[in-house]
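The residues making up each chain are set out below.
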Amino acid sequence: MFEYMKNNKALSVLGGLALTAVVAAPVMAQRDPAYAAARSSGAIGEKPDGYLGFPTSPSGATSALVKDLNIKRKAAYTRKAQATNSTVEQFAFTSGCNLIMRTTPGEKYQAPDGSWQTRTSAAPQRDARCP
């Protein structure tokens, strides 16, 4: 599916860079009490594609918040992808792997089969292609 995934070295480089790319957006978003409340309540969660999603039907305010954050993430992914000669999709996927890994117990994330899971103290289920 992702040809870049065949080259583990490239994926490893992208993994490290993706972590850098997504640090700023979540850190800034966490200052927003609405983001923190939506995340802790399970109204939003991390998806393997590097964007936030909805495990349940969102309110209008939550939907607007996630739309804004996902636009900011895509802009960051686009800049970093250009800098690393990768595609936005490649960079977003690797970022999604890292963001899912950084969820904390009680937070929601989307498993590789598309189901929404609640993070426990165990490692989250991640796509086999994740670095």
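This text follows the structure it describes.
Here's what I pulled together on the structure shown here. Since the model is a prediction, treat every value here as computed from it, not as a measurement.

Disulfides are covalent bonds that connect the sulfur atoms of two cysteines. Applying the stated rule across the entire model yields one disulfide. With its sulfur 2.0 Å from that of its partner, Cys 97 forms a disulfide with Cys 130. Its S-S torsion of approximately -75° makes the covalent link between Cys 97 and Cys 130 left-handed. Linking Cys 97 in helix 4 (residues 88-101) with Cys 130 in the segment after strand 4 (116-118), this pair joins segments that are 33 residues apart in sequence. Like Cys 97, the residue Cys 130 is buried in the burial classification.

Here we take up empty space enclosed by the protein. A complete count under the given rule lists one cavity of 30 Å³ or more for this structure. Of the volumes computed, that of the largest cavity is approximately 40 Å³. Along the walls of the largest cavity sit Pro 48, Gly 96, Cys 97, Ile 100, Gln 110, Pro 112, Gln 125, Arg 126, Asp 127 and Cys 130, which together make up its complete lining. If one sorts the elements of the lining of the largest cavity by residue count, helix 4 sits on top with three residues.

On to helix 3 (residues 60-83). An ideal rise of 1.5 Å per residue puts 34 Å on 24 residues; helix 3 measures up with 35 Å between its terminal C-alpha atoms. Those residues of helix 3 that fall on the buried side of the exposure criterion are Thr 62, Leu 65, Val 66, Leu 69, Asn 70, Arg 73, Ala 76, Tyr 77 and Ala 81. Where helix 3 ends, the next residue or the one after it, Asn 85, has phi of about 55°, a positive value.

Reading guide: rules and limits
- Residues numbered from 1 in each chain as written.
- Predicted model: local features only at pLDDT ≥ 70, side-chain atom pairs only at ≥ 80, totals over all residues.
- Heavy atoms only, no water.
- Disulfide = S-S within 2.5 Å.
- Helix = DSSP H or I, 4+ residues; strand = E, 2+ residues; numbered from the N terminus.
- Buried < 20%, exposed > 50% of the residue type's maximum accessible area, 1.4 Å probe, protein only.
- 1 Å grid on protein atoms, 1.4 Å probe; cavity = no way out; pocket = protein on both sides within 12 Å on 5 of 7 lines; lining within 4 Å.
- Points joined across faces, edges and corners; volume = space filled by probe spheres on them.
- Expected span 1.5 Å × (residues − 1).

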